[in-house]
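# Structural description and commentary
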Amino acid sequence: RHGDGQSSGGELVVGGVSASALKAQYGTPLYVLDEDNVRARATAALTAFRGAFQAVGSSAKVYYAGKAFLSAGVARWMEEAGLHLDVCSGGELAVALAAGFDTARIGYHGNNKSVAEIQRAVTVGVGVIVVDSAIEVQRIAEIAARHGVRQKLRIRVNSGVHASTHDYLATAHEDQKFGIPLDDVPDIAVAIRAEDSLELLGLHSHIGSQIFDARGFVESASRLLAVHKELLAGGPLPELNLGGGFGIAYTTADDPTPVGEIARQFAEIVAAECARLEIPVPIVAVEPGRSIIGTPGITLYEVGTTKDVQVGDLGVRRYVSVDGGMSDNARPALYGADYSVRIASRVSDVEPALVRVAGKHCESGDIVVNADYLPGDVQPGDLLAVAATGAYCWSLSSNYNYLGRPPVVAVRGGTSRILIHGETEADLLRHDADITVAVVAPQ
Ligand code: LLP
């Protein structure tokens, strides 16, 4: 499923390239994206949602959520697959523009877009801006009017639905910063429709991330559609955006729903609710990030040290330390996220041992894989592959402890190429105003 396989030497092979070849060319840590797998998932999402909504007399759009991972190369893959693109900052928009992504197919999010960001979005022709507050309506209206643009908007709704997921990832329960409370939405719609420089496209909700249970989507769709119906009385409202958040498998404990099934469920819910409300089925947009880019990504690390630690009565825990950590994958430290690991450079028939893979940062919470099994002879020099690191790893990465971000490479058909260069020591020192001498790292 990760697009990987075994070569005759028992090594991990991704996109036709072996782990040791990747290590030799780029070093470790290294983010590796299986390009065919990413493209296939993008195409599968679009095909599934289009098909499901055509079957109920409407159509669908899929926005790739760039916050999961965005580079110019990936933006082009998404455009070639026919997807739209969701950005949520001036920086993400800049990458999309640099990639030449069709601006009419970009959606722009954020609860506090700066005036400069709005101005840029409006003037480059961003297809739709998602309004997150009443204040923003006036701000966008003025900027659009000044530039002679009629800007399309969605209203981000706080539907009050709490998706069953990690608390920090659930974005639509009431006491949080995103969106406009359901009750206030009609007034915002009136305010938007009163402006000649604005056009209301529809409502938007995003209830959280890494969701496995469709009930949250059912609930938010039905709450949104009730307001959608109310707003139809005041003018056209062609679209409804139900956000992203589809869960993926990080370990064997996760059991994600295939995208075809999710799309069918969405179409069924929306069509049934529209029939009940006696309104036409709107064009439905979704915004998956993780479910497109997460699984096709792995991170390669090299083992530096191992040590066995006596853990009370529990026995021994083997700590396997690698050459990266919370700077390239903050998710275990931030969310207690679980990952799975295997040796990438060889096979071993030594009995598996329960291990914890730790990073090299000066912090005890610097864990890469909390608990998984590796062959008992795991040793310095082994390459480890951590699965499903394509989403929210590079994009949440940092330079903590002055570690440079690892490069991101795409593999496909036996070849590899860099999508984003790794940071060198010179990159890390460049912004220090008191360092004037070029410092060269020893090789
Ligand atoms: N649309 C909106 C408005 C969002 O806020 C997000 C994610 C998405 C779409 C895409 O969600 P996805 O399909 O990727 O789950 N850093 C966290 C996830 C934060 C998600 C933020 N918003 C993590 O690493 O789990």
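In this text the structure is predicted, and so the values were computed from the model without any measurement.

The rules behind the values
Residues numbered from 1 in each chain as written. Predicted model: local features only at pLDDT ≥ 70, side-chain atom pairs only at ≥ 80, totals over all residues. Helix = DSSP H or I, 4+ residues; strand = E, 2+ residues; numbered from the N terminus. Rg over C-alpha atoms; globule rule 2.2 N^0.38 Å. Buried ≥ 20, exposed ≤ 12 C-beta atoms within 10 Å, placed from the backbone. Contact = placed C-beta atoms within 7 Å. UniProt positions renumbered as here; feature names shortened; annotations may be inferred. Near = placed C-beta within 6 Å. Nonpolar A, V, L, I, M, F, W, Y, C, P; charged D, E, K, R; others polar. Domains from an automatic or database assignment. Expected span 1.5 Å × (residues − 1). Arc of directions from axis to C-beta. Axes fitted to C-alpha atoms, helices over the stretch in contact; angles between N-to-C directions. Parallel < 35°, antiparallel > 145°, perpendicular 65-115°, else oblique. Left-handed = near helix turned anticlockwise from the far one by under 90°. pLDDT = per-residue confidence, 0-100.

## A short note on the overall build of the protein
Scanning the protein from terminus to terminus reveals 12 helices and 21 strands. Over its C-alpha trace the protein gives a radius of gyration of 23 Å, about what one expects of a compact globule, namely 22 Å for 443 residues. Along the first, second and third principal axes, the C-alpha atoms of the protein reach 70 × 55 × 45 Å. For the protein, the proportion of its 443 residues judged to be buried stands at 46%. Summarising the internal contacts of the protein: among those between residues at least 6 apart in sequence, 69% fall at separations of at least 24.

## Regarding the UniProt feature "domain: Orn/DAP/Arg decarboxylase 2 C-terminal" (unreviewed entry) in the protein
In the UniProt entry, the feature "domain: Orn/DAP/Arg decarboxylase 2 C-terminal" (unreviewed entry) is given for residues 295-390. From the first C-alpha to the last, residues 295-390 spans 6 Å; its make-up is 5% helix and 49% strand.

## Some thoughts on the environment of Ala272
Tracing the backbone shows Ala272 in helix H9 (residues 259-277). Put simply, Ala272 and Arg430 are 158 residues apart on the chain and 58 Å apart in space, counted from C-alpha to C-alpha.

## Focus on the site of the ligand
Within the structure, the ligand sits among 23 residues, and Ala65, Ser209, Gly244, Gly289 and Tyr392 are positioned closest to it. Residue assignment for the shell around the ligand shows that the elements contributing at least two residues are helix H10 (290-293) and helix H11 (331-335). Among the residues forming the shell around the ligand, the class breakdown is 9 nonpolar, 9 polar and 5 charged. For the shell around the ligand, the domains that each give at least three residues are domain 1 (4-34 + 298-429) and domain 2 (55-288).

## Some points on helix H6 (residues 134-146)
With 13 residues, H6 should cover 18 Å at 1.5 Å per step; its first-to-last C-alpha distance of 19 Å lies within 8% of that length. The set of residues buried in H6 consists of Glu136, Val137, Ile140, Ile143 and Ala144. Taken end-on, H6 shows its buried residues confined to a sector of 145°, consistent with a single buried face. Of the exposed residues in H6, those oriented more than 90 degrees away from the buried face are Ala134, Ile135 and Arg146. Structurally, H6 contributes buried residues whose contacts are with helix H5 (115-124), strand S8 (128-131), strand S9 (151-158), helix H7 (185-193) and strand S11 (198-204). After H6 finishes, the residue Gly148 shows a positive phi value of roughly 65°.

## Observations concerning the UniProt feature "modified residue: N6-(pyridoxal phosphate)lysine" (unreviewed entry) in the protein
Feature annotation in UniProt places "modified residue: N6-(pyridoxal phosphate)lysine" (unreviewed entry) on Lys67, given in this structure's numbering. Along the polypeptide, Lys67 turns up in the loop between strand S5 (60-65) and helix H3 (72-80). In this structure Lys67 comes out as buried when scored by C-beta crowding, with 21 C-beta atoms within 10 Å. Ignoring any residue separated from it by four or fewer positions in sequence, one finds Lys67 in contact with Cys88, Glu92, Gly289 and Ser395.

## Overview of the environment of Ser340
Within the secondary structure layout, Ser340 lies in the loop between H11 and strand S16 (341-343). Counting along the chain gives 17 residues from Ser340 to Val357, while the straight-line C-alpha distance between them is 9.7 Å. Apart from residues no more than four positions distant in its own chain, Ser340 is found in contact with Tyr250, Thr251, Val369, Asp372 and Ala387.

## Considerations on the domain arrangement of the protein
Interface size, as often reported, equals the accessible area lost upon joining of the parts. By the assigned domains, the protein splits into domain 1 (4-34 + 298-429) and domain 2 (55-288). Placing the centre of domain 1 and that of domain 2 at their C-alpha centroids yields a distance of 34 Å. Contact residues are listed per partner, giving 15 residues for domain 1 and 13 residues for domain 2. Looking at the side of domain 1 that touches domain 2, the elements with two or more residues in it are strand S20 (408-412) and strand S21 (415-420). When the residues that make up the side of domain 1 that touches domain 2 are grouped by side-chain class, the tally is 11 nonpolar, 3 polar and 1 charged.

## What about helix H2 (residues 35-54)?
The terminal C-alpha atoms of H2, which comprises 20 residues, lie 28 Å apart, in line with the 28 Å expected from a rise of 1.5 Å per residue. Listing the buried residues of H2 in full gives Glu35, Asn37, Val38, Arg41, Ala42, Ala45, Leu46, Ala48, Phe49, Ala52 and Phe53.

## Thoughts on the environment of Arg50
Relative to the helices and strands, Arg50 resides in helix H2. As a C-alpha pair, Arg50 and Ile283 span 233 residues in sequence and 9.6 Å in three-dimensional space. Apart from the residues lying within four places of it in its own chain, the contact partners of Arg50 are Ser59 and Ala60.

## Some words on the packing of H2 against H9
Put simply, H2 and H9 touch, their axes get as near as 8 Å, and they point 30° apart. Our classification of the angle between H2 and H9 gives roughly parallel. At the point where H2 passes H9, the crossing takes the right-handed sense. Facing H2, whose interface residues are Ala44, Ala45, Ala48, Phe49, Ala52 and Phe53, H9 presents Val259, Gly260, Ala263, Arg264, Phe266 and Ala267. Tallied by class, residues from the contact of H2 with H9 come to 10 nonpolar, 1 polar and 1 charged.

## Let's talk about the confidence of the model for the protein
It should be kept in mind that the predicted coordinates are not to be read in detail where pLDDT is low. On average, the protein scores 94 in pLDDT, and the residues at 70 or more come to 94%. Both scores are available for the predicted complex, with the pTM at 0.96 and the ipTM at 0.99.

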